[in-house]
Structure formats: C-alpha cells, structure tokens
Amino acid sequence: MLDPEEIIEHPYFMTLDPAMQERIAAWEGPEDAGDRYISDLSTVPGWKVGGYVAWPPTGPRPLLCSVCGAELAPLLTADEREWDPSTNSWIPYEDQKAADTLWANDPTGVSPGRGRLTVAVCPWDPHHPIDLVVQ
C-alpha cells in the first residue's frame, strides 16, 4: 500500500553556500554544527520523487548530464528506511505509534545499494543518460 505525502525538505548541508552553513551552525550551536539541520530539515529519508540528494558518506559530487552538461535532477530515490533513527521528525503520521518497534522504519524490506539509491535525470531532455547515486 502506498501512502504518499507531500513534504518540504531542504538541500544537503554540504551543498549549501559556506555562508549559509555558518548561519545554520550558529543557529544550532557548536554541539550540533549542522547535525540537526541534516537530520530534521534536509534530505528526507524514504522513497521519494524529486527532492534533494543525500550525500553521506561520499560527500557531494557534481551531477552533470554527459550530453549537454546540465545539472541532473533527482527523479526517484529508494531508501531502505522510512526514517532515520537519529530523529523522529520524518516518521510518517500513521507510523508514529510503532516508531520504537524493531524494523518499523523498514516496511519495504528493500535495501538498494548501501541503503539509498537515487536516479538522477537531465531536466532538459529525458533521452539523455541517467546517473545513479548510491549511498
């Protein structure tokens, strides 16, 4: 069963302008240094259409179309977890009561790559080659 929901996420911390990274780190305080932003506001875990690429553990890399050089856009992300154990901000409403149940955040049982697979496409021509980001 699919329970699609619309969410708002923000870009991965390390892809932000350094001045914005500093502002977020100052807002969070020295003990977090971007961790709360990453866990609670950016790159939502789970299966999603669109959004942003979560880059850990490799760190950001350019995603450019091999034909026209355009920046590729995430089309589909498949993630082994619906939410990350480090936060409860992304737990779907219907799953909040079972949040502490073992494997509750892995309803599909699918583990793409090392845990997350993003299919990125050219925004200008769907016939151009795709890129896969495995995290």
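Novice: In this structure, what is going on with the packing of aromatic side chains? I would like to understand it.
Specialist: Between two aromatic rings, the relevant description is the distance of the centres plus the angle of the planes. Applying the stated rule across the entire model yields one aromatic pair. The ring centre of Trp-27 lies 5.2 Å from the NZ or CZ of Arg-36, which sits over that ring.

Novice: How should I be thinking about the pattern of salt bridges in this particular structure?
Specialist: Side chains bearing opposite charge may pair, as long as their charged atoms lie close to each other. Applying the stated criterion across every chain, the model contains three salt bridges. Among the salt bridges present, the one from Asp-131 reaches Arg-61, with a minimum N-O distance of 3.2 Å. You can see Asp-131 sitting in strand 4 (residues 131-134) and its partner Arg-61 sitting in the loop between strand 1 (48-49) and strand 2 (73-79), a full 70 residues away along the chain. For Arg-61, a relative accessible area of 36% gives the class partly exposed. Asp-79 is the partner of Arg-116 in a salt bridge, and the nearest nitrogen-oxygen pair spans 2.9 Å. With Arg-116 in strand 3 (residues 116-121) and Asp-79 in strand 2, this residue pair connects regions lying 37 residues apart in the sequence.

Novice: Just checking my understanding: could you explain the environment of Glu-22 for this structure?
Specialist: Within the element layout of this structure, Glu-22 appears in helix 1 (residues 18-28). Glu-22 gets classed as exposed once you look at its relative accessible area, which sits at 59%.

Thresholds, definitions, all that
Residues numbered from 1 in each chain as written. Predicted model: local features only at pLDDT ≥ 70, side-chain atom pairs only at ≥ 80, totals over all residues. Heavy atoms only, no water. Phe/Tyr/Trp six-rings, centres within 6.5 Å; stacked < 30°, edge-to-face > 60°. Lys NZ or Arg CZ within 6 Å of the ring centre and 35° of its normal. Salt bridge = Lys/Arg side-chain N within 4 Å of Asp/Glu carboxyl O. Helix = DSSP H or I, 4+ residues; strand = E, 2+ residues; numbered from the N terminus. Buried < 20%, exposed > 50% of the residue type's maximum accessible area, 1.4 Å probe, protein only.

Keep in mind these values describe shape, not function.
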